[in-house]
2 protein chains.
Amino acid sequence: MPPEGDVVSVPHQEAVRRRNLGAVLRYVHLRGATSRAELTSELGLNRSTIGALAAELTAVGLVHEGAPRASGRAGRPSPVVRTNAAGFSAYALTVEAGRLRAARIGLGGDILDSRTVARPSGNDLTATLTGLARELRPTDGSVPLGCAVAVVGTDRDPALGETLGEALGLDHPVQVGNLADLAALAEHTRGAAVGVDDVIHLHGDDGISAGLIIGGRGFTGHNGIGAQAGHMVVNPDGHPCRCGHRGCWEAEISAAAGDRARAALWLGHGLANLVNILNPGAVVFGGTLAGLYRDGHDQVRGRLHASALPACRAGLRLSVALLGDDAPLIGAAELAFERLLSDPLNTAAA
Amino acid sequence: MPPEGDVVSVPHQEAVRRRNLGAVLRYVHLRGATSRAELTSELGLNRSTIGALAAELTAVGLVHEGAPRASGRAGRPSPVVRTNAAGFSAYALTVEAGRLRAARIGLGGDILDSRTVARPSGNDLTATLTGLARELRPTDGSVPLGCAVAVVGTDRDPALGETLGEALGLDHPVQVGNLADLAALAEHTRGAAVGVDDVIHLHGDDGISAGLIIGGRGFTGHNGIGAQAGHMVVNPDGHPCRCGHRGCWEAEISAAAGDRARAALWLGHGLANLVNILNPGAVVFGGTLAGLYRDGHDQVRGRLHASALPACRAGLRLSVALLGDDAPLIGAAELAFERLLSDPLNTAAA
């Protein structure tokens, strides 16, 4: 397929430098402590450029340069660059069917602190989320850079991001994303699907939501609500679904819940459809589907083999979420860090 | 979702010039004769740059600059740039269930000449295609730039592209693509789905194949075989399918074929699933599905409304292929022109 035909102009040296600062910081953020030598070879920039970029990031405190790792090779060992996880963090929140979670996550992706509470009924959602996030405020003077919230389903308060941003005293709205999309992002960037360009992340909660990575990019769909694969009708004469229809994938799995093997067969049935339609390189099961896949592994694979075309399932990797239940929180943090990673110096200095 | 974190370097002025030559040629190729003034405003380059680029393209014969169109505005009218359709063309071939087609398509997208024959049985495919293409050879001394072939389904001869390239005397293999993918590309670039970033093109032949445009880019999937949506199982107790499974979408539509209204309901059923999963901005029906959608419009829309989530179908545009049965040929030509459009001067001079 043809690339886009946009015109280009010569970018300013300054824009190139900023973008490369972002690339170095992003690499260390995602892969952990990395030697300058590895950054040089992985990013395809020369040694002196990497040295200058690392020095700039060190000067504003975003990274530390530390003792070299023994390389076992001759020559001067290369200093190791790591993120300043304590100094820069983001809030990540999730609104799940039965609970709310909040975490403060350091640059580099480690969860520094977290809280989980039962989901309140009524309108207390924003107040409860705000309260949770406030409990996580850093006490060492470091300033959180941003916040994002992962929400299940399509039914959401359009003012949630703004209200939360104000309540947390941020100068910009909290970003809101689909829980399955953010879990997919987390597994794609640092979990079970690193290096795979076409990924389906299936998250089970009170329903099934799908997060898609297509061609290496997060899929959001025309209306920005992502993939509502749980409402694919798999059985026209099936069970009623909470959406008002009948025979939806999530309704059939849920109706079979007392019989784990049957539920796993339905999981495999819908999976085969998605594999035929989207020919993914990896499918990751998260939330309640992780357990169903683990227990019903044989049924899921059996049904997949029976119903998916060989050409579509060739090379497919099935796995449970490597980041477990934390995938949505970690994905939300990735979203919140994005501004910093795109333009490190301006964001860190602001 | 975060953009990719690739490093960039300052592109050479020469690379910028080449890319911009491609952007101007692509614009005129897709949109038809265009004034320099419109190119200036649409491509965001200044007037003298557009003038220089148009002059370079004119010098190698890729475009003609002609009499200005009356603009109705004061000031000097702006010369019009149009492609040299007679001088530069590509071969486009299709391998469909029951027939083979071949066309020579001029730069700008017009079909200059075409042939259609019944699909031969056995191994005569390559010989027949080659014969068809040879009949289309230009007699005016102009040289075809390339060739691409659109093939239905996943089962294809891996040597087809190379064999055809040799037989046609090209210095590079013929490119091979899925028929539905190339039809989707054609409708996206110059048909019913121009300007829509998320598109499903459903092509009916002896089965149903889907071509997807996601985020403005052609979707190929992990194994490069595209979306095999016809084999989504929509009815676990349904009719046997030629793939060996039961209740596939294409099998249910095909089994209901004597009752057009029932077939249209099944079309709507699978459509609703795809809309829930992919939240497209446009769905285009081509091949035999164009007629089924036209005749069973009410059933398709009725079932879509009954089974797709409102959030997924909001803003969705349904239409038949604007390019009709020529969409796969035109898409194949786009693929064949891509080398030229990416680097006009080097390709045209070669």
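Residues numbered from 1 in each chain as written. Chains lettered and ligands numbered in written order. Predicted model: local features only at pLDDT ≥ 70, side-chain atom pairs only at ≥ 80, totals over all residues. Heavy atoms only, no water.

Let's talk about the overall build of chain A
Convention followed: Helix numbering and strand numbering both begin at the N terminus, where a helix is a DSSP run of H or I of at least 4 residues and a strand a DSSP run of E of at least 2. Working definition: with a 1.4 Å probe on protein chains only, accessible area under 20% of the residue-type maximum means buried, over 50% means exposed, and in between means partly exposed. Should any heavy atoms of two residues lie within 4.5 Å, those residues are counted as being in contact. A residue counts as positive if it is Lys or Arg and as negative if it is Asp or Glu; His and the chain ends are not included. Charge positions come from single atoms, namely NZ of Lys, CZ of Arg, CG of Asp or CD of Glu.
In terms of helices and strands, chain A carries 13 helices and 13 strands. Principal axes of the C-alpha set define a box for chain A whose edges measure 65 × 50 × 45 Å. Taken across its 350 residues, chain A has 54% of its residues classed as buried. Residue pairs at least 24 apart in sequence account for 62% of intrachain contacts in chain A once pairs closer than 6 positions are excluded. Within chain A, the 35 negative side-chain charges are centred at a point lying 6 Å from the centre of the 31 positive side-chain charges.

Side note on the pattern of salt bridges
Residue and element names in this part refer to chain A. Stated precisely, the cut-off is as follows: Within this document, salt bridges are pairs made up of a side-chain nitrogen of Lys or Arg and a carboxyl oxygen of Asp or Glu, the two lying within 4 Å of each other.
Applying the stated rule across the entire model yields 30 salt bridges over all chains. In this structure, R26 and E338 form a salt bridge, with 2.9 Å as the shortest nitrogen-oxygen distance. With a gap of 312 residues between them, R26 in helix 1 (residues 13-31) and E338 in helix 12 (residues 327-342) connect regions that are remote in the sequence. Across the pair, E338 and R26 agree in class, each one buried. For E135, the salt bridge identified is with R115, shortest N-O distance 2.7 Å. Of this pair, E135 sits in helix 4 (residues 125-135) while R115 sits in strand 6 (residues 111-118), placing them 20 residues apart in sequence.

A word on helix 6 (residues 179-190) of chain B
All names here are of chain B. Defined as follows: A helix is expected to reach a length of 1.5 Å times the quantity of its residues less one.
With twelve residues, helix 6 extends 16 Å between its outermost C-alpha atoms, agreeing within 8% with the 16 Å of an ideal straight helix rising 1.5 Å per residue. Burial analysis of helix 6 places twelve of its twelve residues in the buried class, which makes it a mostly covered element. Taken together, the buried positions of helix 6 are L179, A180, D181, L182, A183, A184, L185, A186, E187, H188, T189 and R190.

Focus: the nonpolar core
How we decide: Side-chain atoms within 4.5 Å are what join buried Ala, Val, Leu, Ile, Met, Phe, Trp, Tyr and Cys residues into a set we call a nonpolar core.
Counting residues in hydrophobic clusters, the biggest one holds 74 residues, and the most contacted among them are L202 of chain A together with L202 of chain B. Leave out the neighbours within four places in its chain, and L202 of chain A touches I208, S209, A210, W249, L271, L274, V283, V284, F285, G286 and L289 of chain A.

Notes on the domain arrangement of chain A
Residue and element names in this part refer to chain A. Put simply, the rule reads: The source of the domain bounds is an automatic or database domain assignment. By buried area we mean how much accessible surface two parts lose on assembly, using a 1.4 Å probe and totalling the loss over both. Under the rule applied, a polar contact is a pair of N or O atoms within 3.5 Å (in protein, one hydrogen donor and one hydrogen acceptor; residues adjacent in sequence only if both atoms are side-chain atoms).
Considered domain by domain, chain A is made up of domain 1 (13-83), domain 2 (89-179 + 327-342) and domain 3 (192-322). The C-alpha-based centres of domain 1 and domain 2 are spaced at 30 Å. Domain 1 puts eight residues into the contact, and the matching count from domain 2 is nine residues. Of the roughly 750 Å² buried between domain 1 and domain 2, counting both surfaces, carbon and sulfur atoms make up 58%. Scanning the region where domain 1 abuts domain 2 turns up one salt bridge. Put simply, domain 1 and domain 2 have four residue pairs in polar contact (both at pLDDT 80 or more) between them.

Some details on the relation of the copies chain B and chain A
The operation relating the pair of chain copies consists of a rotation about an axis and a translation along that axis. What counts here: Least squares is the method for superposing the copies, and the C-alpha atoms it fits come from residues with pLDDT of at least 70 in both.
Aligned on chain A, chain B shows an RMSD of 0.1 Å; the corresponding rotation is 180° and the shift along the axis is 0.1 Å. Taken together, the turn and the small shift mark the pair as related by a two-fold rotation axis. A high fraction, 100%, of the interface residues of chain B reappear at the interface in chain A, so the copies pair face to face through one surface.

Some details on the packing of aromatic side chains
Residues and elements named next belong to chain A. Condition: Stacked, tilted and edge-to-face are the three classes assigned to paired rings of Phe, Tyr and Trp, where Trp is represented by its six-membered ring and a pair needs centres within 6.5 Å; plane angles under 30 degrees give stacked, over 60 edge-to-face, the rest tilted.
Here the structure, examined in full by the defined rule, presents two aromatic pairs over all chains. Where F285 meets Y293, the ring centres are 4.4 Å apart and the plane angle is 15°; that geometry is what we call stacked. A single burial state applies to F285 and to Y293, both of which are buried.

Description of the pairing of strand 9 (residues 199-204) of chain A
All names here are of chain A. What counts here: Two strands qualify as a pair provided that DSSP identifies no fewer than 2 bridges between them.
Extensive coverage of strand 9 is indicated by the burial of six of its six residues. Neither face of strand 9 is open: one carries V199, H201 and H203, the other I200, L202 and G204, and all of them are buried. Two strands pair when backbone bridges link them, and strand 9 and strand 10 (residues 208-214) are joined in this way by six bridges, in the antiparallel orientation. What sits directly across from L202, in strand 10, is A210. In this antiparallel pair of consecutive strands, strand 9 and strand 10, the connection spans three residues.

Focus on the side chain of N279 of chain A
Considering the arrangement of structural elements, one finds N279 of chain A in the loop between helix 8 (260-278) and strand 12 (282-287). Looking at N279 of chain A, the relative accessible area reads 0%, which means it is buried. Here N223 of chain B takes part through its backbone nitrogen, which lies 2.8 Å from a polar atom of the side chain of N279 of chain A. Ignoring sequence-local partners within four residues, the contact set of N279 of chain A consists of D198, L274, A311 and C312 of chain A together with T220, G221, H222, N223, G224, I225 and G226 of chain B.

As for the sheet that holds strand 3 (residues 80-83) of chain B
Residue and element names in this part refer to chain B. The condition that has to hold: Interaxial angles span 0 to 180 degrees and are taken between N-to-C directions of axes, which are lines fitted to C-alpha atoms, for helices over the stretch in contact.
Spatial strand order, 1-3-2: three strands in an open sheet with antiparallel pairing. The strands lining the two open edges of the sheet, one partner per strand, are strand 1 (34-35) and strand 2 (63-66). One ladder, built from two bridges, connects strand 1 with strand 3; its direction is antiparallel. Along strand 3, the bridge assignment pairs S35 with V80. In this fold helix 3 (residues 47-59) packs onto strand 2 and strand 3, with an angle of close to 120° to the strand it touches most, strand 2.

Quick notes on the sheet that holds strand 7 (residues 143-151) of chain B
Residue and element names in this part refer to chain B. Spatially, the five strands line up as an open sheet ordered 6-5-4-7-8, and their pairing is mixed. Edge positions in the open sheet fall to strand 6 (111-118) and strand 8 (175-178), since each of these has one partner strand only. Taken over all neighbouring pairs, the strand axes of this sheet differ in orientation by 20° on average, direction set aside. Here strand 5 (residues 99-106) pairs with strand 6 via seven bridges, running antiparallel. Directly across from I105, in strand 6, lies its bridge partner I111. Its contacts with the sheet place helix 12 (residues 327-342) against strand 4 (88-95), strand 5, strand 7 and strand 8, and it is angled at close to 135° to strand 4.

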